[in-house]
Amino acid sequence: ADDNPLASAAASMDLNTSVMNLDTQIDQTEEQPSMSKTGNDEPELSPGSVGSGKEDDGDYEASSPDTVLRSKDRRRRLSPTTEYPRRAMTKLFVTFPSGAQYVCSGALINAKYVLTAGHCIYAHTEGGIATQIEVVPALDGLYKPYGSAYGVFARTYQGWVSNKDTKYDIGLITLDKRIGLTTGWFGYGYFPKVTGSLAHLGGYPVMYGNGTHLLYDNGKVLKSTTNNVSYDVDTSPGQSGGGVYLKYNGSRYVYAAHTTGGNSNNSGTRITI
């Protein structure tokens, strides 16, 4: 079996040839990240890496008020972005077959893998799977401290492609270079129980700096099902695909991709392996 967060995904595309395949699950020539169990009833995890450079002291991740109703946006801008884990948070510039261009967010989970939302890869109203995806780690205004990389392979679940089912609104991008060796990446995994834990989310909302500012918030996980999770975290358009993560044994692990934002329903699709 493929040790990959989208191992059972059945819609994939080689972005160099624009050939879509609804059967091939994964490029078997790729080096795959692996996930292992930590014990009985414990999470299944793949470790992260802080890359080359300084790690953030985590002060900005202090617990937020235990509330859902707020009169003020609680997000804060993270700048500079060159400390880990900020530099493992990515901006996505996506072009679809219709010619439409969209922006999303994502999270590096391996030296050349970026986790994002399925709708950031496959847009039903724009001709299907993206034709070009530029990934910019740690974008800070107009500054690209690590340059950018491009997707060469993308995949999402057939459940999203065929049914637009939010249980499967998650995607994975293979990059043309191992940019994560410099930036580092998040660990990722499946956590059986996340309700009540503290969810962390960074991304690039369009309403701030025209989508060039990295914003962050955290808040309690309010509800979770097998495939989805909702949380008390401020979000807005442009943050789709951002990695929802928690701290476990001193490390940061992404367990969902942010997909939906609203006044009372901020939610994502979970990694379920």
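The structure we're discussing is the one just above.
Residues numbered from 1 in each chain as written. Predicted model: local features only at pLDDT ≥ 70, side-chain atom pairs only at ≥ 80, totals over all residues. Heavy atoms only, no water.

### What to know about the overall build of the protein chain
Reasoning step 1: The helix and strand inventory of the protein chain stands at 2 helices and 20 strands.
Reasoning step 2: Burial analysis of the protein chain (273 residues in total) assigns 56% to the buried set.
Reasoning step 3: Summarising the internal contacts of the protein chain: among those between residues at least 6 apart in sequence, 70% fall at separations of at least 24. (Helix = DSSP H or I, 4+ residues; strand = E, 2+ residues; numbered from the N terminus. Buried < 20%, exposed > 50% of the residue type's maximum accessible area, 1.4 Å probe, protein only. Contact = heavy atoms within 4.5 Å.)

### Observations regarding the environment of Leu115
Reasoning step 1: By the secondary structure assignment, Leu115 is in strand β8 (residues 113-116).
Reasoning step 2: Sequence separation of Leu115 and Ala256 is 141 residues, and the distance between their C-alpha atoms is 8.8 Å.

### A short note on the packing of aromatic side chains
Reasoning step 1: In total, this model carries 8 aromatic pairs according to the counting rule given.
Reasoning step 2: Their ring planes at 75° and their centres at 6.3 Å tell us that Tyr248 and Tyr253 sit as a pair that is edge-to-face. Tyr253 matches Tyr248 in its accessibility class, with the two residues each being buried.
Reasoning step 3: Its end group placed over the ring of Phe93, Lys91 keeps NZ or CZ at 5.5 Å from the ring centre. (Phe/Tyr/Trp six-rings, centres within 6.5 Å; stacked < 30°, edge-to-face > 60°. Lys NZ or Arg CZ within 6 Å of the ring centre and 35° of its normal.)

### Observations concerning the state of the cysteines
Reasoning step 1: All told, the structure shown has 1 disulfide when counted by the stated rule.
Reasoning step 2: Across the disulfide, Cys104 is cross-linked to Cys120 (sulfur-sulfur distance 2.1 Å). Handedness of the Cys104-Cys120 disulfide follows from its S-S torsion of about -90°: it is left-handed. Here Cys104 is found in strand β7 (residues 101-110), whereas its partner Cys120 is found in the loop between β8 and β9 (122-123), with 16 residues between them in sequence. (Disulfide = S-S within 2.5 Å.)

### A few points about the nonpolar core
Reasoning step 1: Counting 49 residues, the largest nonpolar core has Leu92, Ile133, Leu175 and Phe186 as its most contacted members.
Reasoning step 2: The element that contributes the greatest number of residues to this core is β7, accounting for 4 residues.
Reasoning step 3: Filtering out sequence-adjacent residues up to four positions away, Leu92 remains in contact with Tyr102, Val103, Cys104, Ser105, Gly106, Val114, Thr116, Ile133, Glu134, Val135 and Ile173.
Reasoning step 4: Counting residues in hydrophobic clusters, the runner-up holds 15 residues, among them Leu45, Val194, Val244 and Ala256. (Core = buried A, V, L, I, M, F, W, Y, C linked by side-chain atoms within 4.5 Å.)

### Brief notes about the environment of Asp73
Reasoning step 1: With respect to the helices and strands, Asp73 occurs in the loop between β4 (44-46) and β5 (76-77).
Reasoning step 2: Linking Asp73 and Asp234, residues 161 residues apart in sequence, is a C-alpha distance of 6.6 Å.
Reasoning step 3: Residue contacts for Asp73: discarding those within four places in its chain leaves Tyr208 and Asp234.
Reasoning step 4: Of the polar contacts made by the side chain of Asp73, one reaches the side chain of Arg75; its length is 2.6 Å.
Reasoning step 5: A polar atom in the side chain of Asp73 sits 2.9 Å from the side chain of Tyr208. (Polar contact = N/O pair within 3.5 Å; in protein donor to acceptor, adjacent residues only side chain to side chain.)

### A word on the pattern of salt bridges
Reasoning step 1: If you walk through the whole model with that rule in mind, you get 7 salt bridges.
Reasoning step 2: A salt bridge links Asp73 to Arg75; the nearest nitrogen and oxygen atoms lie 2.6 Å apart.
Reasoning step 3: Of the residues examined, Asp73 reaches a relative accessible area of 30% and is grouped as partly exposed.
Reasoning step 4: Overall, the relative accessible area of 10% leaves Arg75 in the buried class.
Reasoning step 5: Close ionic contact of Asp232 with Arg74 constitutes a salt bridge, the shortest N to O distance being 3.7 Å. In this pair, Asp232 is assigned in the loop between β17 (228-231) and β18 (243-248) and Arg74 in the loop between β4 and β5, connecting sequence segments 158 residues apart. Across the pair, Arg74 and Asp232 agree in class, each one buried.
Reasoning step 6: Three or more residues are tied together by salt bridges with common partners; here these are Arg74, Asp217 and Asp232. (Salt bridge = Lys/Arg side-chain N within 4 Å of Asp/Glu carboxyl O.)

### A look at unusual backbone geometry
Reasoning step 1: Put simply, Ser79 and Pro80 share a cis peptide bond, and its omega is 5°.
Reasoning step 2: Counting through the fold element by element, Pro80 comes out in the loop between β5 and β6 (89-95).
Reasoning step 3: Backbone torsion omega between Tyr84 and Pro85 reads 10°, so that peptide bond is classified as cis.
Reasoning step 4: Look at Lys164: it is not a glycine, yet its phi comes out positive at around 50°.
Reasoning step 5: By the secondary structure assignment, Lys164 is in the loop between α1 (158-163) and β13 (171-175).
Reasoning step 6: Backbone geometry places Asn249, a non-glycine residue, at a positive phi of 50°.
Reasoning step 7: Since its relative accessible area comes to 69%, Asn249 is described here as exposed.

### Here's the deal with the pairing of β7
Reasoning step 1: Across the 10 residues that make up β7, a large majority, 7, are buried.
Reasoning step 2: Two elements, β6 and β7, share 7 bridges in a ladder whose sense is antiparallel. Note on β7: the bridge partner recorded for Leu92 is Cys104.
Reasoning step 3: In the sheet, β7 pairs with β8 via 3 bridges, with the strands oriented antiparallel. In the strand pairing of β8, Asn110 is matched with Tyr113. (Pairing = 2+ DSSP bridges.)

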